[in-house]
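Per-entry structural report
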Amino acid sequence: TASPLYGDLAGLPPILIQVGTDEVLLDDSRRFAERARQMGVSVRLDVWDGMIHVWHAYGRLVPEAREAIEKALELKPDMPEALVNLGQLYIEHFGMVEEGIGLIKKSQRLNPKYALGFMALGEAFFKTKDYGKAEHYYCAVVKRLNFYLPAINNLGIARIHLGKTNQAIKTF
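From a predicted model like this one, the values you see are computed outputs, not experimental measurements.

Here we look at unusual backbone geometry
- Despite not being glycine, valine 54 shows a phi value in the positive range, around 45 degrees.
- Turning to its location among the elements, valine 54 is positioned in the loop between strand S2 (43–48) and helix H2 (64–75).
- Valine 54 sits in the partly exposed class, given a relative accessible area of 42%.
- Despite not being glycine, lysine 129 has its phi angle at roughly 65 degrees, a positive value.
- Along the chain, the position of lysine 129 falls in the loop between helix H5 (115–127) and helix H6 (131–144).

As structure tokens, then:
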């Protein structure tokens, strides 16, 4: 089967698993951690009380999201995905726009091909009404992910705000 529970885990780098007690995959996460350990892989399993599946994405509603992402970054401070998530939390949940943009830009320096980092930067600059920078980053997403509709839509709207109506129409 395609489950990582049944794969060859030997030789994997250290693994961090953050799972909640209200997570549907809690038992699978525990089994995976044990199986990885049996195959010689270093595993850290953090079980968070009361957390649901992908609680990290609910920073506005779940204060533990920021703490969990920060703990992940302590282990691997150069993880682009975590930097983007934490940057978005800073911007959206805590109103720390400059700090959030800084984290997202750091993720892009670490992995210049990470399209969702460009998307996060576009959204951040859109929220600050810097439509020129938003347009720039949305274009970067569209260049990498041709048919990513949220980026296409946001690019068109940014162009409308910039008074580029003809370009906006072509974008849609």
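Section: the packing of helix H3 (residues 80–92) against helix H4 (residues 97–110)
- For the pair H3 and H4, interaxial distance at closest approach is 7 Å and the crossing angle is 165 degrees. Considering their axes alone, H3 and H4 lie roughly antiparallel with respect to each other. Regarding H3 and H4, the two cross each other, and that crossing is left-handed. On H4, the residues that touch Pro80, Leu83, Val84, Leu86, Gly87, Gln88, Tyr90 and Ile91 of H3 are Val97, Glu99, Gly100, Ile101, Leu103, Ile104, Lys106, Ser107 and Leu110.
- In terms of residue class, the contact of H3 with H4 is built from 11 nonpolar, 4 polar and 2 charged.

Re the pairing of S2
- In this sheet, S2 lies alongside strand S1 (residues 15–20) in parallel orientation, the contact comprising 6 bridges. Directly across from isoleucine 17, in S2, lies its bridge partner leucine 45.
- Handedness of the crossover joining S1 and S2 through helix H1 (residues 26–38) is recorded here as right-handed.

Things to note about the packing of H4 against H5
- Close contact between H4 and H5 brings their axes to 9 Å; oriented N to C, the two are set at 155 degrees. Taken together, the axes of H4 and H5 are roughly antiparallel relative to one another. Crossing of H4 over H5 shows left-handed handedness. On the side of H4, the interface is formed by Ile101, Ile104, Lys105 and Gln108, while H5 contributes Gly117, Phe118, Ala120, Leu121, Ala124 and Phe125.
- Classifying every residue of the contact of H4 with H5 gives 7 nonpolar, 2 polar and 1 charged.

Focus: H5
- Between its first and last C-alpha, H5 extends 19 Å over 13 residues, near the 18 Å set by a 1.5 Å rise per residue.
- All of the buried residues along H5 are Ala115, Gly117, Phe118, Met119, Ala120, Leu121, Gly122, Ala124 and Phe125.
- In this fold, the buried residues of H5 make contact with H3, H4, H6 and helix H7 (149–161).

Examining the packing of aromatic side chains
- Summed over all chains, the structure comprises 4 aromatic pairs.
- With a centroid separation of 5.1 Å and an interplanar angle of 75 degrees, the aromatic rings of phenylalanine 126 and tyrosine 131 are classed as edge-to-face.
- Three or more aromatic residues link up through ring pairs in this structure, and these residues are Phe118, Phe125 and Tyr137.

Each value, and the rule that gives it
Residues numbered from 1 in each chain as written. Predicted model: local features only at pLDDT ≥ 70, side-chain atom pairs only at ≥ 80, totals over all residues. Heavy atoms only, no water. Helix = DSSP H or I, 4+ residues; strand = E, 2+ residues; numbered from the N terminus. Buried < 20%, exposed > 50% of the residue type's maximum accessible area, 1.4 Å probe, protein only. Axes fitted to C-alpha atoms, helices over the stretch in contact; angles between N-to-C directions. Parallel < 35°, antiparallel > 145°, perpendicular 65-115°, else oblique. Left-handed = near helix turned anticlockwise from the far one by under 90°. Contact = heavy atoms within 4.5 Å. Nonpolar A, V, L, I, M, F, W, Y, C, P; charged D, E, K, R; others polar. Pairing = 2+ DSSP bridges. Right-handed = clockwise from strand over helix to strand, strands pointing away. Expected span 1.5 Å × (residues − 1). Phe/Tyr/Trp six-rings, centres within 6.5 Å; stacked < 30°, edge-to-face > 60°.

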